[in-house]
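Okay, here's what each chain looks like letter by letter:
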Amino acid sequence: MAKVVGSVVSTQKDKSLIGRKLMIVQAVDSKGVTVRPEEVAVDAVGAGIGEYVLLVRGAGARKANRNEDFHDVSDCAIVGIIDSFDH
Amino acid sequence: MAKVVGSVVSTQKDKSLIGRKLMIVQAVDSKGVTVRPEEVAVDAVGAGIGEYVLLVRGAGARKANRNEDFHDVSDCAIVGIIDSFDH
Amino acid sequence: MAKVVGSVVSTQKDKSLIGRKLMIVQAVDSKGVTVRPEEVAVDAVGAGIGEYVLLVRGAGARKANRNEDFHDVSDCAIVGIIDSFDH
Amino acid sequence: MAKVVGSVVSTQKDKSLIGRKLMIVQAVDSKGVTVRPEEVAVDAVGAGIGEYVLLVRGAGARKANRNEDFHDVSDCAIVGIIDSFDH
Amino acid sequence: MAKVVGSVVSTQKDKSLIGRKLMIVQAVDSKGVTVRPEEVAVDAVGAGIGEYVLLVRGAGARKANRNEDFHDVSDCAIVGIIDSFDH
């Protein structure tokens, strides 16, 4: 779980990142409390700043990239927008 | 090891997560003490809130998804319900 | 490096974990001091409670499972029993 | 996100690292505050000391290495130079 | 980056580890300050106790093992000896 807190601009980067939204995300718990430092995640679902999102790392992040780029270097991706936390 | 503490509702998400239960889990030790922040895990065994569970991350989580979806983005899954801890 | 501190009983679990010993392990340094929270590891070498062991995570853990189960969900395994630490 | 803080010289190393720039990077947040210890990353985009960069770990780092070396041992790579952080 | 601080003897272990040097390594920063607990790493370059080394984890560690053992369980390897840190 994370909160989208900003975005990153990078012109000189790996080809596989061209044209993709690079967001700054802050891992949080279900009360919105920060639990890990900020990271950069590729946005695969159109999330906006301030939204709570589902975050995956490693190969899962590359599988969110449906255009099958074998050379996709991403290792962190937003794969869902959270509507609610239920306890 | 983790304890199931809630669930997450997400309508706008990666196709591979559709129809799957997204639970909020809290990594614990064998005395039930919290040891890591909350995370979201796909439930593969029908665990309920309050139950202690076996958690796996990375490719292991995707292997719990028996319907062989190459594009499964999940990176954390509940793969067992713990009956007891023995020391 | 870890110390085996207990075991876990789980009846309702992923098929790939059936018949395999699930141990509670505590990552330690070479002086036996605890360095990470407890985790569950599949035992691949017959380690007993109180023994110091070699622990691997991720795909390495699944490679310790010689019966080639593509659906093996394990992500942490005991792959050796430590006789001694030398400095 | 990380800041490039130095470089490493290593003569005796795995073949797959020969001829590649090994930089010391310091993971930071979007305010430039240090958030993780220093690591060594292979530079895939020509980053210089003092620059803020995009860092990836695991298989993503090897995918930045376009000459398809199956034996590439790298597990951390610089894959972009950050122009700006936007909040 | 890590410093080699010792070695481990393990007779009862996974076949893929037989005949390989298992070193105790301590992750450090470029000033030699400890930044993570000790770990066991397979030595792939002939490093000695007291030397500063390049460490890789996960599949990168198995790629340092040139004899292509599909069942190699290692998840941490020494892949270079550091001559100097430059800032």
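Worth saying up front: this structure is predicted, and the values here are computed from it rather than measured.

K.L.:
How do you make sense of the overall build of chain A when you look at a structure like this?
P.N.:
Scanning chain A for helices and strands turns up one helix and six strands. Counted from the first residue to the last, chain A has its helices and strands arranged as β-β-β-β-α-β-β. Taken against the 2.2 N^0.38 rule, which gives 12 Å for 87 residues, the C-alpha radius of gyration of chain A at 13 Å falls within 12% of a compact globule. Along the first, second and third principal axes, the C-alpha atoms of chain A reach 40 × 25 × 20 Å. Classification of the 87 residues of chain A by burial places 57% in the buried group. Long-range contacts, defined as pairs at least 24 residues apart, comprise 53% of the intrachain contacts of chain A with a sequence gap of at least 6. As displayed, chain A offers around 3,500 Å² of accessible surface, 53% of which is attributable to carbon and sulfur atoms.

K.L.:
Help me out: how do you make sense of the environment of Gly6(D) in this one?
P.N.:
Mapping Gly6(D) onto the fold places it in strand β1 (residues 2-9). Owing to a relative accessible area of 0%, Gly6(D) belongs among the buried residues under this scheme. In this structure, the C-alpha to C-alpha distance between Gly6(D) and Gly50(D), residues 44 residues apart in sequence, is 8.4 Å. Those residues in contact with Gly6(D) that sit more than four places away from it in its chain are Met23(D), Ile24(D), Ile49(D), Asp86(E) and His87(E).

K.L.:
In this structure, what is going on with the relation of the copies chain E and chain C? I would like to understand it.
P.N.:
What relates the two chain copies is a rotation about an axis together with a slide along it. Of the transformation placing chain E onto chain C, the axial shift is 0.0 Å and the rotation is 72 degrees, giving an RMSD of 0.0 Å. Accordingly, the operation relating the two chain copies is best matched by a five-fold axis. The rotation axis passes nearest to the C-alpha of Gly58(E) in chain E, at a distance of 5.9 Å.

Reading guide: rules and limits
Residues numbered from 1 in each chain as written. Chains lettered and ligands numbered in written order. Predicted model: local features only at pLDDT ≥ 70, side-chain atom pairs only at ≥ 80, totals over all residues. Heavy atoms only, no water. Helix = DSSP H or I, 4+ residues; strand = E, 2+ residues; numbered from the N terminus. Rg over C-alpha atoms; globule rule 2.2 N^0.38 Å. Buried < 20%, exposed > 50% of the residue type's maximum accessible area, 1.4 Å probe, protein only. Contact = heavy atoms within 4.5 Å. Areas by Shrake-Rupley, 256 points an atom, 1.4 Å probe, with all protein chains shown as cover. Least-squares fit on C-alpha atoms with pLDDT ≥ 70 in both.

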